[in-house]
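# Structural description and commentary
For reference, the chains in residue letters:
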Amino acid sequence: SAKFTAARDYIYNHSASFSTLYIPEGREGVNTYYFLTTLTFDKNIKILGDGVFNMPKTMLSWPQNITCIRLPSTNSAHINIEDLAISQSSENKKPDSNAHGIDVNTFVHLKNIYVSYVSGNGFNIRACADKGSPIFGNADQSVLENCQTYDCMNGLWLEGCDVNVVSVTNCSFV
């Protein structure tokens, strides 16, 4: 994950020229990118993998009981993520209400994302812009398109006073 963090930071520091972090489909024999820690994105960025409608081909994997991707609250971040398959190891899976596939406290546009075998919620969107709120943020007007979950504690979890205008289109949360 150090290389992904370095790529993210380069984009953040050169945002006038760059805005997209492209993660290609794995090569033959090495189809999945493995991580040991949470990837956090807190500024404007587009994360783009490979794939087509309902079939993301860029695969990212974490061990159980670790949040995969965290999108914390910032003043005006717009984060777009497309064409990723996100999973945790399915071995000895135990529910964990703090280890989510994508944990969101800000505006996000998710398109063609498949989350599987996550011990927490597949998509965990919690936000309330009241100062002092433990889920501080504003996720109003977030969008989920063609997103799916399989074998997560909850496929989609929405909570808070600023998660009240969310568009969910052509999604399946099993």
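Sequence order as written defines residue numbering, which begins from 1 separately in each chain. Totals for whole chains, interfaces and linings use every residue, but because this is a predicted model, local features are given only for residues with pLDDT of at least 70 and side-chain atom pairs only at 80 or more, for both listing and counting. The side-chain quantities take in all heavy atoms of the structure and omit both hydrogens and water.

As a further point, take the nonpolar core. Residue types Ala, Val, Leu, Ile, Met, Phe, Trp, Tyr and Cys, when buried and joined through side-chain atoms within 4.5 Å, form a set referred to as a nonpolar core. Each residue gets one of three labels from its accessible area relative to the maximum for its type: buried under 20%, exposed over 50%, partly exposed in between, using a 1.4 Å probe on protein chains only. Counting 35 residues, the largest nonpolar core has Phe-41, Ile-69 and Ile-113 as the members making the most contacts within it. Counting from the N terminus, the helices are the DSSP runs of H or I reaching at least four residues and the strands are the DSSP runs of E reaching at least two. Listed by contribution, the elements that provide at least two residues to this core are α1 (2-13), β4 (45-48), β7 (58-62), β8 (69-71), β9 (79-88), β10 (102-104), β11 (108-116) and β12 (123-126). Ile-69 has contacts with Thr-38, Leu-39, Phe-41, Trp-62, Ile-81, Ile-86, Gly-101, Ile-102 and Asp-103, leaving out every residue within four places of it along the chain. Throughout, a contact is declared for two residues whenever any of their heavy atoms are within 4.5 Å.

A few words now on the packing of aromatic side chains. The rule is short: rings of Phe, Tyr and Trp, with Trp giving its six-membered ring, pair when the centres are within 6.5 Å, and they are stacked under 30 degrees, edge-to-face over 60, tilted in between. One pass over the structure, following the stated rule, counts six aromatic pairs. Relative to Tyr-33, the ring of Phe-4 has its centre 5.8 Å away and its plane inclined at 85°; by these criteria the two rings are edge-to-face. With a gap of 29 residues between them, Phe-4 in helix α1 and Tyr-33 in strand β2 (residues 32-34) connect regions that are remote in the sequence. Classification of Phe-4 by relative accessible area gives buried; the value is 16%. Residues Phe-35 and Trp-62 carry aromatic rings whose centres are separated by 4.8 Å and whose planes lie at 20° to one another, so their mutual orientation is stacked. Of the two residues, Phe-35 sits in the loop between β2 and β3 (39-40) while Trp-62 sits in strand β7, which places them 27 residues apart along the sequence. Trp-62 carries the same exposure label as Phe-35, and that label is buried. An aromatic cluster is present here, built from Phe-4, Tyr-33, Phe-35 and Trp-62 joined pairwise through their rings.

Bringing the sheet that holds β10 into the picture now. Paired strands, in this sense, are two strands between which DSSP finds at least two bridges. Pairing within the open sheet is parallel, and its five strands lie in the order β3-β8-β10-β12-β15. One side of each edge strand has no neighbouring strand; the edge strands of this open sheet are β3 and β15 (156-159).

Two cysteine sulfurs form a disulfide in these notes if their separation is within 2.5 Å. A full pass over the atoms with the stated rule returns one disulfide. The disulfide bridge from Cys-128 ends at Cys-161, spanning 2.0 Å between sulfur atoms. On the sign convention where negative means left-handed, the S-S torsion of about 90° between Cys-128 and Cys-161 marks this disulfide as right-handed. Of the two residues, Cys-128 is situated in the loop between β12 and β13 (143-145) and Cys-161 in the loop between β15 and β16 (167-169); the sequence distance between them amounts to 33 residues. Unpaired in this structure, Cys-68 has its nearest cysteine sulfur neighbour in Cys-152, at a distance of 8.9 Å. Given the relative accessible area of 0%, Cys-68 is considered buried. The buried category is assigned to Cys-152, whose relative accessible area is 12%.

That is the geometry; function is a separate question.
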